[in-house]
Amino acid sequence: MTDSESARLTRILSGLPAAARDLLTATDWRSLRHAYGSGEDIPVSLCSLVDEDPEVRSAALAALDMGVLHQGTLYTVTAPAALFVAAILDHPVGSAEHEGHFPWDDGPARSLRAALLVWLGQVADSAGYGEDPARDRTDWQWEPWHDATRREHDPDMAAALHACREIRPTLYEAVEPFLISSDPHVREAALGAAVPLLFAPELADRAPRAAALVRSRLLAETGRRDRASVARALCAWGDDTSDLLTDPDPAVRVCAALGPTHTDRPRALAVLLDALRDPRTTDGWFPRPLPGLDGWFRFTVLRSALNLAETYEEVASVALTIVTAGDASIVDFERGPILLRAFEDGYDPARLTPAQRALLRAFLDTDEATGGIARNMLWFRAAGLPENREGVAALL
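Because the structure is a prediction, the values reported are computed rather than measured. (Residues numbered from 1 in each chain as written. Predicted model: local features only at pLDDT ≥ 70, side-chain atom pairs only at ≥ 80, totals over all residues. Heavy atoms only, no water.)

**Here we look at the overall build of the protein chain**
Argument step 1. When you go through the protein chain residue by residue, the secondary structure sums to 24 helices and four strands.
Argument step 2. Per-residue burial over the protein chain gives 53% buried out of 396 residues.
Argument step 3. Of the contacts formed within the protein chain by residues at least 6 apart in sequence, a portion of 65% connects residues at least 24 apart.
Argument step 4. Entry remark: accessible area of the protein chain is about 17,800 Å², with carbon and sulfur atoms responsible for 52%. (Helix = DSSP H or I, 4+ residues; strand = E, 2+ residues; numbered from the N terminus. Buried < 20%, exposed > 50% of the residue type's maximum accessible area, 1.4 Å probe, protein only. Contact = heavy atoms within 4.5 Å. Areas by Shrake-Rupley, 256 points an atom, 1.4 Å probe, with all protein chains shown as cover.)

Right under this line is the structure:
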């Protein structure tokens, strides 16, 4: 390290909150690991998050994305790094504009604080995955070949997972004040972090207070994105959103209907199915995904509908339309989950229901255009069905 770099870090350290400074000095970074090796280089990246140079700050956050939370993977260095980020959320430089480091960082201009909150939300999302299978089934694509428990059997991965779960109360305490920030991008990012954090069992008692904080925004805000984000958060936290199922904005209605459970199940399911009948319009509501939701919005709507339905028959007509017109490139987001839902309780080859027969026939009819059977082979296997065209045809 050069003298100028040393002087820069000394200057940064002097301006850090006490909690952040203590974390840097008390942590044995050399003993921790990230995606590319020892965590001994992480303190420099963390300090650089509040550097005066925006390019240095941008590169520092990129280092966290690439090494500390590489593609959503938790490492032993992730928890202390997340605690540091939480400790600097109210640092003065947080209001400075953040410039994306990667070519694909082409979202709207936002502050460093908003970017840090987004990153904390990603940490919380990864820490909570696999903790509640019912929620994962609603918020994630169903992956029959994915072993969500693998992390529990790898000592380093298990240690990283447990460490990140243990710090969730501290992370939430840092995030909550920004739920009512005057900056709309900060509010959205804070909400995106708060949703997975409050899924933690030990934070269940905080959800009512958070719901009250964000619900007040429904009266103050008129923008679709902000109101829909609030509706989605309220529903995720188990707040009764039945009143929002009749909201004038269809996007708000749909977000208020997202599961995994709902007080007014029939009306909520009807709202979701209506949205799926016009998927192009539904996708157009949020060209940029809402916090915590990946891909086209209709994917989330479909997963919620499949989960909310008590029987496959309740969603069969819409599901059949999706499969018939399905895009072969999105098997894992539409056609696969539909198939697994239709046969989740197994089947009797001699007593297929009319809805099951119609679904299998749709896969056969679109097979040549979409590669339906072969492309969906893992899903057919997960459902206990034949894995080739001939076997499926024999059932009919």
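**A few points about the nonpolar core**
Argument step 1. Within the largest apolar cluster, 126 residues are counted, with the highest numbers of intra-cluster contacts made by Trp119 and Trp237.
Argument step 2. With 10 residues, helix H6 (residues 112-128) is the largest single contributor of residues to this core.
Argument step 3. Not counting residues up to four positions away in its chain, the partners in contact with Trp119 are Leu61, Leu64, Asp65, Val68, Leu69, Ala81, Ala82 and Val85. (Core = buried A, V, L, I, M, F, W, Y, C linked by side-chain atoms within 4.5 Å.)

**A word on the confidence of the model for the protein chain**
Argument step 1. In the predicted model, the protein chain carries a mean pLDDT of 86, and 86% of its residues have values of at least 70.
Argument step 2. Mean pLDDT across the secondary structure elements of the protein chain bottoms out at helix H7 (residues 133-139), with 51, and peaks at helix H10 (residues 168-175), with 98.
Argument step 3. Counted against residues more than four places away or in other chains, residues 137-150, with its pLDDT under 50, gives 36 contacts. (pLDDT = per-residue confidence, 0-100.)

**Topic: the environment of Val85**
Argument step 1. Note that Val85 resides in helix H5 (residues 78-87).
Argument step 2. Look at Val85 and you get buried, because its relative accessible area is 0%.
Argument step 3. In the structure, Val85 is positioned 28 residues away from Arg113 in sequence and 9.5 Å away in space, judged by C-alpha atoms.

**With respect to the packing of helix H18 (residues 316-324) against helix H20 (residues 354-365)**
The relative placement of two packed helices comes down to the angle between their axes together with the axis-to-axis distance.
Argument step 1. Contact pair H18 / H20: the axes reach a minimum separation of 9 Å and the direction vectors enclose 10°. Looking at the two axes, H18 sits roughly parallel to H20. For the pair H18 and H20, contact is made by Ala316, Leu320, Val323 and Thr324 and by Ala355, Ala358, Leu359, Ala362 and Phe363, respectively.
Argument step 2. Its residues placed into classes, the contact of H18 with H20 shows eight nonpolar, one polar and no charged. (Axes fitted to C-alpha atoms, helices over the stretch in contact; angles between N-to-C directions. Parallel < 35°, antiparallel > 145°, perpendicular 65-115°, else oblique. Nonpolar A, V, L, I, M, F, W, Y, C, P; charged D, E, K, R; others polar.)

**Considerations on the pattern of salt bridges**
Argument step 1. Under the definition given, this model contains 20 salt bridges.
Argument step 2. What you see here is one network of salt bridges that share partners, running through Arg187, Arg217 and Asp226. (Salt bridge = Lys/Arg side-chain N within 4 Å of Asp/Glu carboxyl O.)

**A closer look at the packing of aromatic side chains**
Argument step 1. Applying the stated criterion across every chain yields a total of five aromatic pairs.
Argument step 2. Taking the centre distance of 5.0 Å and the plane angle of 80° together, the rings of Phe286 and Phe297 count as edge-to-face. Placement of the pair is Phe286 in the loop between helix H16 (279-284) and helix H17 (297-308) and Phe297 in helix H17, with a sequence separation of 11 residues. Both residues of the pair, Phe286 and Phe297, count as buried. (Phe/Tyr/Trp six-rings, centres within 6.5 Å; stacked < 30°, edge-to-face > 60°.)

**What about the side chain of Glu334?**
Argument step 1. Structurally, the position occupied by Glu334 is in the loop between H18 and helix H19 (335-342).
Argument step 2. Excluding residues within four positions of it along the chain, Glu334 makes contact with Arg298, Phe299, Leu302 and Ile322.

**A closer look at the side chain of Ser48**
Argument step 1. When you line up the elements, Ser48 lands in helix H3 (residues 42-48).
Argument step 2. There is a polar contact of 2.8 Å between the side chain of Ser48 and the backbone oxygen of Val44. (Polar contact = N/O pair within 3.5 Å; in protein donor to acceptor, adjacent residues only side chain to side chain.)

**A look at a negative patch on the surface**
Argument step 1. A surface patch of like charges, here negative, comprises Glu52, Asp53, Glu55, Glu97 and Glu99.
Argument step 2. Among the structural elements, Glu99 can be located in the loop between strand S3 (97-98) and strand S4 (110-111). (Patch = residues over 30% accessible without salt bridge, like charges linked within 9 Å, V, L, I, M, F, W, Y side chains within 5 Å. Lys, Arg positive; Asp, Glu negative; His and termini not counted. Charge placed at Lys NZ, Arg CZ, Asp CG, Glu CD.)

**Here's the deal with helix H4 (residues 54-68)**
Side chains of residues three or four places apart in an α-helix project in the same direction, reflecting 3.6 residues per turn.
Argument step 1. Over its 15 residues, H4 extends 20 Å from the first C-alpha to the last, a length consistent with the 21 Å expected when each residue adds 1.5 Å.
Argument step 2. Of the residues making up H4, those classed as buried are Arg57, Ser58, Ala60, Leu61, Ala62, Leu64, Gly67 and Val68.
Argument step 3. In this structure, the buried side of H4 is in contact with strand S1 (33-34), H3, H5, S3 and H6.
Argument step 4. You can read the cap of H4 off the contacts: a side-chain oxygen lies 2.9 Å from the backbone nitrogen of Glu55, and it is on Asp53. (Expected span 1.5 Å × (residues − 1).)

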